[in-house]
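Residues per chain are reported as follows:
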Amino acid sequence: MAETGSRPAPGDRTVIGLVFGNSNSSIAYTLDEKAEVIANEDGDRQIPTVLSYVDGDEYYGQQAKAFLVRNPKNTIAYFKEFVGQDFKSIDPTHNHASAHPHDVDGVVSFTVNDKEEAVEPSTLSVSEVTTRYLRRLITAASEYLGKTVTSAVITVPTDFTDKQKAALIKAANDADLEVLQLIAEPVAAILAYDARPEATVEDKIVVVADLGDTRSDVAVVASRGGMYTILATSHDYEFAGCHLDQVLIDHFAKEFIKKHNTTDPRENARSLAKLKLEAESTKKALSLGTNASFSIESLIEGIDFTSTINRLRYEMSARKVFEGINRLIEAVVKKADLDVLDIDEVILSGGTSHTPRIANNLAALFPESTTIVAPATCATAINPSELLARGAALQASLIQEYDAEDIDQSTHPAVSTVKHIANALGVVTLAADDASSESFTPIVPAETAVPARRVARIAGPKNGGDVLIRVVEGGAHIKVTKPEPKQKAETNGAKDEDDSDDSDDDSSDEDDEEEEKREKVWRIGNTVAEAAVRDVKKGSQVEVTLTVNADLSVIVTAREIGGKGGVRGVVKAP
Amino acid sequence: MIMATATLATQPLPVLPEGWAGEKDFNPIGSLSAATQRTIEPVGPHFLAHARRARHKRTFSEDDRIQAQEAAKKVESTNDDEISEPEDPMDLQRDAKDWKSQDHYQVLGLSKYRYKATEEQIKRAHRKKVLKHHPDKKAAAGVTDDDNFFKCIQKAHEVLMDPVKRRQFDSVDEKADVDPPSKKQLAKGNYYKLWGSVFKSEGRFSKTTPVPEFGDENATKEQVDEFYNFWYNFDSWRTFEYLDEDVPDDNENRDQKRHVERKNTNARKKKKAEDNARLRKLLDDASAGDERIKKFRQEANAAKNKRRLEKEAAEKRALEEAKAKKEAEERAAQEAEAAAKAEREAQKKAKESAKNAVKKNKRVLKGSVKEANYFASGAASAADVDAVLGDVELVQGKIDPEEIAALAGKLNGLTVADEIKSVWSAEVKRLVEAGKLKEGDAKSLA
């Protein structure tokens, strides 16, 4: 096994992708360029990030989570957020039902009885807890793979500070794990999709909504030629999986009180822990089926409780949370100075993304051209709980042959920080139906990192001959077309009826908005260069290659496909 | 990496206007507007390609070319390490029934790889041999009924592709062993290199990997300790099942069967014990001649001795210092005594010479009055002589030797009576003034 801090040689590495989450963690490895998530010895792919100590024995994952009911004082949960943080800046809300964090010289620590009985309880710093937990994950992965895992790529939220990153790397090193790289969670999710063999390299804007148990993170990412640039991010602790659990807890607690006329089971810590565990599994069941049962043995005062709920009831109760998630995503798109029309793809990741309502809401929020990649809306979607681990494993397999020094150099800001062109670059074409109206055809989209090279094939004029290639910058704006008043007058009578029909589920305000036609329109900006391709045959195509260099100079080449020669020119850097 | 697909635009390009002209059909007109600095996420194959281009300062087309070359090289090298060992004619004559004694690696042409051969290599080697020795091919060449070697190949493949059987075979594959170096070899060659290769080959039986290396003469104490600890606690997967006697599988004689099985188990145990003993001896031999261990022991001893020697040296030094101090003191005392003695003698001498000088001066004084004829005109009477000499004695008694010397200096050489008298009277006057003589004393000299 590798010694602490030492780096194994590239050839001797066994690498995994590791997601160390606040509620759940997962591990994945790659086999023949396909990422697979590893199930631990309990058979879980989503391994709860919980450690529990009973009579000196250490439990982790699902087993430890079960101890939240019987042994909460010696069970540590929700500690990931605390790694590398001062006690002052942590939010201990979620730890209420488990071991409480406390302050030891500013270091977040937990006091648990981790030895045999009759010994003083020991105080563990959060980094020590992390090391112990990671060690269990590594052991599970090593046992599964039959080889000692030496190195990993770990995903981190985009708002992880350098201090937190350093603390995480340190904790991993203490667990004899070399951290090859820390990668941003939204990017791991995109990579998991882009690395599928059927995926093609496209220029697109992707929104990644990582909806977890305790927090939701949304990022707008420009995916340009397989390279990812994060344009805007947002983090939220108000609309996440645990709030959906809370909805169910409240629902069933009320029902229980009504039925048995007892005290509120939420007042009792043990009953609340039972409610929480069962609510979570009911929530999961509701993501798959339309009905789910909820049953707890001896909830309080020895009374058993069994009930059922259907999905509609649940979705109505949880509406506030769902709407919050919608608002959150809308806000991030706005933050990136984009419109929902600019978004090509929405990737839902994280356990909460299984909820069908969330995906359906997003499908309504975004235009039809936007793909919502979630199990409820897309048949080919990957299990959202596994996305991050797969992405991390893929990245790990990509860089496992690199020396540590090589990785550092390649990920150095000098390499990764580059210019991104502000406006799209393309050529002027003629509208298909109207030969006099010029329009803009983008070839290199905005926010593309330079140097960049793009190739486009454009139809020549109908009758052939010489063609003009005008390379221009283009700007997009959203054109809002109000419905024509005449039409409105005509359908007025009918519309009233519509209104009364629709008002059940939606306000009439939104109705009006929906009638507006919003579309993305290109505006032709300043001309960069002109070139001529002569004697194009009738019906053939012209291939235009635009290469934008790192200094923003542009190389334009154009040739007729199948033809000889062509034209090449350089536009100087500004 | 290239953008694999070109975007397709359905809208047609405009026709070149009349009279459009440009140098080589190209007209640069403007330039790109300002760009934003952003950070690309360092993730994914395309970023790695970007990093490669950026770090090696390659353009897209250069990078495409270099990547293509590297890809081509890879294909070549996989073909290159292809197994191409000459076939042993003895092997070709083998009887397939005697598969237990055949060297499976050699049959497949992998004798230089042995336990290191990967599954991929075994597969390829097998395929190659099958293509060459397939009985149908032989039949086509006119040789019939010669599938013996083919059966050997199949057997070798069967053994080597089954991890359990392969381990059993590897356990007894003596050709992969490296013999321990002889004394002669050790005398000539590098001790660490020779033993290192022995333990490297023994290490193939280790259940735990990686196996620590023997290291060289510069290895640290920790490394050496780790090595010997590892090997003295060696956990081996080596088994000797492969050498088992065939168990009769007929159901007729159960006792016989059990007997053979028992025999096999015992033989295995015995061989395993022998193997452990052999390994132990190897280790003992290696450590016995290991200069590093000696060095570390010497260093440890040296450290212990150093402390002791230092203590002794300190004691010795203290003793010497005390002795030197004492001697110095004695010497100083002697010198002081000698100096005092010399001084005393000098003082004595000075006293004597002073006494002599006084005597001499006194003679001068007395002589002077005699020269002056005792200040008498004509022959001096005895009374005059007595009075003058008595006064001279008086004066002499009142003044100290320096004054006597001064007076003598003044009187010396004087012959005239008046001059002598005036000197004496001046002296008497001075003494009277100084209160040493009373008025009227030494009248004869005044």
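The structure under discussion appears in the preceding block.
Residues numbered from 1 in each chain as written. Chains lettered and ligands numbered in written order. Predicted model: local features only at pLDDT ≥ 70, side-chain atom pairs only at ≥ 80, totals over all residues. Heavy atoms only, no water.

## Describing the overall build of chain B
- Along its length, chain B carries 16 helices and 3 strands.
- Scored against the burial criterion, the 446 residues of chain B give a buried share of 30%.
- Taking as baseline every contact in chain B between residues at least 6 positions apart, the subset at least 24 positions apart corresponds to 66%.
- Accessible area for chain B stands at about 29,300 Å²; split by element, carbon and sulfur atoms hold 52% of it. (Helix = DSSP H or I, 4+ residues; strand = E, 2+ residues; numbered from the N terminus. Buried < 20%, exposed > 50% of the residue type's maximum accessible area, 1.4 Å probe, protein only. Contact = heavy atoms within 4.5 Å. Areas by Shrake-Rupley, 256 points an atom, 1.4 Å probe, with all protein chains shown as cover.)

## Points about the sheet that holds strand β24 (residues 465–481) of chain A
- Strand order in this open sheet of 5 strands is β22(A)-β21(A)-β24(A)-β25(A)-β2(B), and the pairing throughout is antiparallel. Both outer strands of the open sheet, β22 (438–444) of chain A together with β2 (26–28) of chain B, are each paired with one neighbouring strand and no more. The mean inter-strand angle of the sheet, taken between neighbouring strand axes irrespective of direction, is 40°.
- Across 6 bridges, the pairing between strand β21 (residues 424–430) of chain A and β22 of chain A is antiparallel. Within the sheet, the bridge partner assigned to Thr429 of chain A lies in β22 of chain A and is Ser439 of chain A. (Pairing = 2+ DSSP bridges. Axes fitted to C-alpha atoms, helices over the stretch in contact; angles between N-to-C directions.)

## Topic: the pattern of salt bridges
Residue and element names in this part refer to chain A.
- Throughout the structure, instances matching the rule amount to 57 salt bridges over all chains.
- Between Arg215 and Glu81 there is a salt bridge; the shortest N-O distance is 2.8 Å. Taken together, the residues span a long stretch of sequence, with Arg215 in the loop between β13 (204–211) and β14 (216–224) and Glu81 in the loop between β7 (75–77) and β8 (101–104) at a distance of 134 residues.
- The buried category is assigned to Arg215, whose relative accessible area is 9%.
- Note that Arg266 is salt-bridged to Asp264, the shortest N-O span being 3.1 Å. (Salt bridge = Lys/Arg side-chain N within 4 Å of Asp/Glu carboxyl O.)

## Section: helix α15 (residues 401–411) of chain B
Residue and element names in this part refer to chain B.
- Considered for burial, the residues of α15 that qualify are Glu403, Ile404, Leu407, Ala408 and Leu411. Along the long axis of α15, the arc covered by the buried residues comes to 140°, so they all point the same way. What points out from α15, more than 90 degrees from its buried face, is the exposed set Glu402 and Lys410.
- Two residues or fewer after α15 comes Gly413, characterised by a positive phi angle close to 90°. (Arc of directions from axis to C-beta.)

## A word on the interface of chain A and chain B
- Every contact between the two is made by 81 residues of chain A and, on the other side, 49 residues of chain B.
- Of the roughly 5,900 Å² buried between chain A and chain B, counting both surfaces, carbon and sulfur atoms make up 61%.
- There are 3 salt bridges connecting chain A and chain B.
- One salt bridge in this structure joins Asp406 of chain A and Arg55 of chain B, with 3.0 Å as the shortest N-O distance.
- Between the two partners, chain A and chain B, sit 30 residue pairs in polar contact (both at pLDDT 80 or more).
- Class assignment of the residues belonging to the side of chain A that touches chain B gives a composition of 47 nonpolar, 21 polar and 13 charged.
- Pairing between strand β15 (residues 227–236) of chain A and strand β3 (residues 35–41) of chain B: 2 bridges, direction antiparallel. Directly across from Tyr228 of chain A, in β3 of chain B, lies its bridge partner Glu41 of chain B. (Buried area = accessible area lost by both parts, 1.4 Å probe. Polar contact = N/O pair within 3.5 Å; in protein donor to acceptor, adjacent residues only side chain to side chain. Nonpolar A, V, L, I, M, F, W, Y, C, P; charged D, E, K, R; others polar.)

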